Amino acid sequence: VHVNGLIFPGLVSAIRKRVGPSPAIVVQHHGGEFPVRAQGWLGAWQRRQWRKGLDAASALSFTAHTQAGAWRDAGVIGSQPIIEIIEASTWLRPSPRSRAQQLTGVTADPLILWVGRLTTNKDPLAVLDGFERALTTLPHAQLVMIFGDDTLRDAVEQRLASSPRLRSTVVLVGRVDHHELAQYYGAADLFVSGSHYEGSGYALIEAMAAGLTPVVTDIPSCRVIAGSCAEYWPVGDPVALGHALTAAAHSNREQQRTATLQQFDTHVSWTAIAARTMTAYETA
């Protein structure tokens with residue numbers, strides 16, 4: 001039995017009572033942090049209830065093994081095996097570059113793409129600071145930002161207004177239909193992310209399917225997904241991001257594209273995830 005999400009401990013317990021001890025139940029993490037915030041006796045009781053429900057699982061699945069640490073430290077998961085499986089993939093394929101540039105109207109060298117929510121976790125302000133630093137060595141670069149959540153839009157627009165260099169090189173696209181994303185991925189060279197935390201990273205997965213070089217924060221999920229094909233930078237460090245963007249832009253882009261697509265096919269494609277899942281579940 002596969003359960004999507006660690007946030008249904010009562011459901012896991014009920015399934016175990018229904019199916020008995022023999023069938024394996026695997027519960028897969030789908031992002032987010034441990035949700036119990038209460039302190040004192042109430043928090044302790046809630047954690048015990050959470051632990052009681054998840055103890056009925058045979059194994060727990062995370063994109064990266066290390067993501068289980070916070071849940072274990074909180075006392076809500078036990079000693080079950082941790083399965084390392086990326087939670088999703090994509091069928092997305094980019095449009096041909098010339099057509100993509102024509103349809104989107106954006107061209108640059110390099111063209112850097114951001115796809116994510118304008119929230120503190122995604123840290124768009126650190127990305128803007130790092131991109132501005134990279135403009136010193138990448139004067140023809142452009143940053144295109146696609147986002148559905150505009151929580152920090154005012155702060156982002158104020159940051160752009162404070163910098164003539166950013167105003168002329170950053171394009172705030174906002175929300176686009178998912179089928180239109182292929183055009184932007186096809187037009188871009190690099191993908192940038194400032195996430196402090198990700199369960200996996202859908203935009204990163206899509207960018208890799210399009211062959212973009214990832215320039216992403218050094219967090220467990222990104223390491224598992226992107227492997228050695230990415231440039232990594234510490235969370236919240238715009239100086240390091242500037243260097244990472246420059247390094248990615250100055251690399252052999254055709255070789256990088258090949259390496260990224262190989263990483264995707266071998267580790268992140270639906271075929272790869274299915275094979276890893278079947279092996280792990282047969283073991284469970």
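Note: the structure precedes this text.
What this report covers is the structure whose coordinates are included nearby.

Procedures and definitions
Residues numbered from 1 in each chain as written. Predicted model: local features only at pLDDT ≥ 70, side-chain atom pairs only at ≥ 80, totals over all residues. Heavy atoms only, no water. Pairing = 2+ DSSP bridges. Helix = DSSP H or I, 4+ residues; strand = E, 2+ residues; numbered from the N terminus. Axes fitted to C-alpha atoms, helices over the stretch in contact; angles between N-to-C directions. Buried < 20%, exposed > 50% of the residue type's maximum accessible area, 1.4 Å probe, protein only. Core = buried A, V, L, I, M, F, W, Y, C linked by side-chain atoms within 4.5 Å. Expected span 1.5 Å × (residues − 1). Contact = heavy atoms within 4.5 Å. Polar contact = N/O pair within 3.5 Å; in protein donor to acceptor, adjacent residues only side chain to side chain. Patch = residues over 30% accessible without salt bridge, like charges linked within 9 Å, V, L, I, M, F, W, Y side chains within 5 Å. Areas by Shrake-Rupley, 256 points an atom, 1.4 Å probe, with all protein chains shown as cover. Salt bridge = Lys/Arg side-chain N within 4 Å of Asp/Glu carboxyl O. Phe/Tyr/Trp six-rings, centres within 6.5 Å; stacked < 30°, edge-to-face > 60°. Lys NZ or Arg CZ within 6 Å of the ring centre and 35° of its normal. 1 Å grid on protein atoms, 1.4 Å probe; cavity = no way out; pocket = protein on both sides within 12 Å on 5 of 7 lines; lining within 4 Å. Points joined across faces, edges and corners; volume = space filled by probe spheres on them. Nonpolar A, V, L, I, M, F, W, Y, C, P; charged D, E, K, R; others polar. Parallel < 35°, antiparallel > 145°, perpendicular 65-115°, else oblique. Left-handed = near helix turned anticlockwise from the far one by under 90°.

So, on to the sheet that holds strand E1 (residues 2-4). A sheet is described by the order of its strands in space; here four strands give the open sequence E1-E2-E3-E4, paired in parallel fashion. Of all the strands in the sheet, just E1 and strand E4 (82-84) have a single pairing partner and so form its edges. Shown here is a sheet whose adjacent strand axes are inclined to one another by a mean of 25 degrees, direction ignored. In the sheet, strand E3 (residues 59-62) pairs with E4 via three bridges, with the strands oriented parallel. Within the sheet, the bridge partner assigned to Phe62 lies in E4 and is Glu84.

A few words on the environment of Arg37. Turning to its location among the elements, Arg37 is positioned in the loop between strand E2 (26-28) and helix H2 (40-54). By relative accessible area, Arg37 is classed as exposed at 55%. Distance in space between the C-alpha atoms of Arg37 and Arg47 is 9.5 Å, their sequence separation being 10 residues.

With that settled, consider the nonpolar core. Counting 42 residues, the largest nonpolar core has Leu113, Val115, Ile146, Tyr185, Phe191, Met208 and Leu212 as the members making the most contacts within it. Among the elements of the structure, strand E5 (111-115), strand E6 (142-146), helix H8 (181-187), helix H9 (202-209), helix H10 (220-226), helix H12 (253-268) and helix H13 (270-283) are those that each provide at least two residues to this core. Ranked by residues supplied to this core, first place goes to H9 with six residues. Counting 29 residues, the second largest nonpolar core, distinct from the first, contains Leu166, Leu190, Val215 and Trp233.

For helix H11 (residues 238-250), with 13 residues, the first-to-last C-alpha span of 18 Å sits near the 18 Å given by 1.5 Å per residue. The set of residues buried in H11 consists of Pro238, Ala240, Leu241, Gly242, Ala244, Leu245, Thr246, Ala248 and Ala249. The inward-facing, buried residues of H11 abut E5, helix H5 (124-134), strand E8 (190-192), strand E9 (213-217), strand E10 (231-233) and H12. N-cap assignment for H11: the residue whose side-chain oxygen lies 3.2 Å from the backbone N of Val239 is Asp237.

Looking now at a nonpolar patch on the surface. A cluster of nonpolar side chains, namely Ile7, Phe8 and Leu11, defines an oily patch on the protein surface of about 270 Å² accessible area. Residue placement: Phe8 occurs in the loop between E1 and helix H1 (9-19).

Tallied over the full model, the rule gives one aromatic pair. Between Trp91 and Trp270, the ring centres sit 6.5 Å apart and the planes meet at 40 degrees, which makes this aromatic pair tilted. Of this pair, Trp91 sits in the loop between E4 and helix H4 (97-104) while Trp270 sits in helix H13, and the two are 179 residues apart along the sequence. When its relative accessible area of 67% is taken as the criterion, Trp91 is described as exposed. Sitting over the ring of Tyr232, Arg223 keeps its end group 3.8 Å from the ring centre.

Note: strands within a sheet are paired through backbone hydrogen bonds, in either parallel or antiparallel orientation. If you walk across this open sheet you meet the six strands as E7-E6-E5-E8-E9-E10, and the pairing is parallel. Of all strands in the sheet, those with a lone pairing partner are strand E7 (170-174) and E10, marking the two edges. Shown here is a sheet whose adjacent strand axes are inclined to one another by a mean of 20 degrees, direction ignored. Across two bridges, the pairing between E5 and E8 is parallel. When the bridges of E8 are listed, Ile112 appears paired with Leu190.

The next subject is the layout of surface pockets. The computed volume of the largest pocket comes to approximately 610 Å³. At four residues, H9 tops the list of elements feeding residues into the lining of the largest pocket. A class-by-class count of the residues in the lining of the largest pocket yields 13 nonpolar, 13 polar and seven charged. By volume, the second largest pocket is sized at about 240 Å³.

It is worth spelling out the packing of H5 against helix H6 (residues 153-161) at this point. Close contact between H5 and H6 brings their axes to 10 Å; oriented N to C, the two are set at 20 degrees. In terms of their interaxial angle, H5 and H6 are classed as roughly parallel. Where H5 crosses over H6, the handedness of that crossing is right-handed. Seen from H5, the contacting residues are Pro124, Leu125, Leu128, Asp129 and Glu132; seen from H6, they are Ala155, Val156, Arg159 and Leu160. For the contact of H5 with H6, a count of residues per class yields six nonpolar, no polar and three charged.

A few words now on the environment of Ile85. For Ile85, the position within the fold is in the loop between E4 and H4. Judged by its relative accessible area of 1%, Ile85 is buried. Taking the C-alpha atoms as reference, Ile85 lies 7.2 Å from Ala64; in sequence the two are 21 residues apart. Those residues in contact with Ile85 that lie beyond four places of it in its chain are Gln28, Ser61, Phe62, Thr63, Ile273, Arg276, Thr277, Ala280 and Tyr281.

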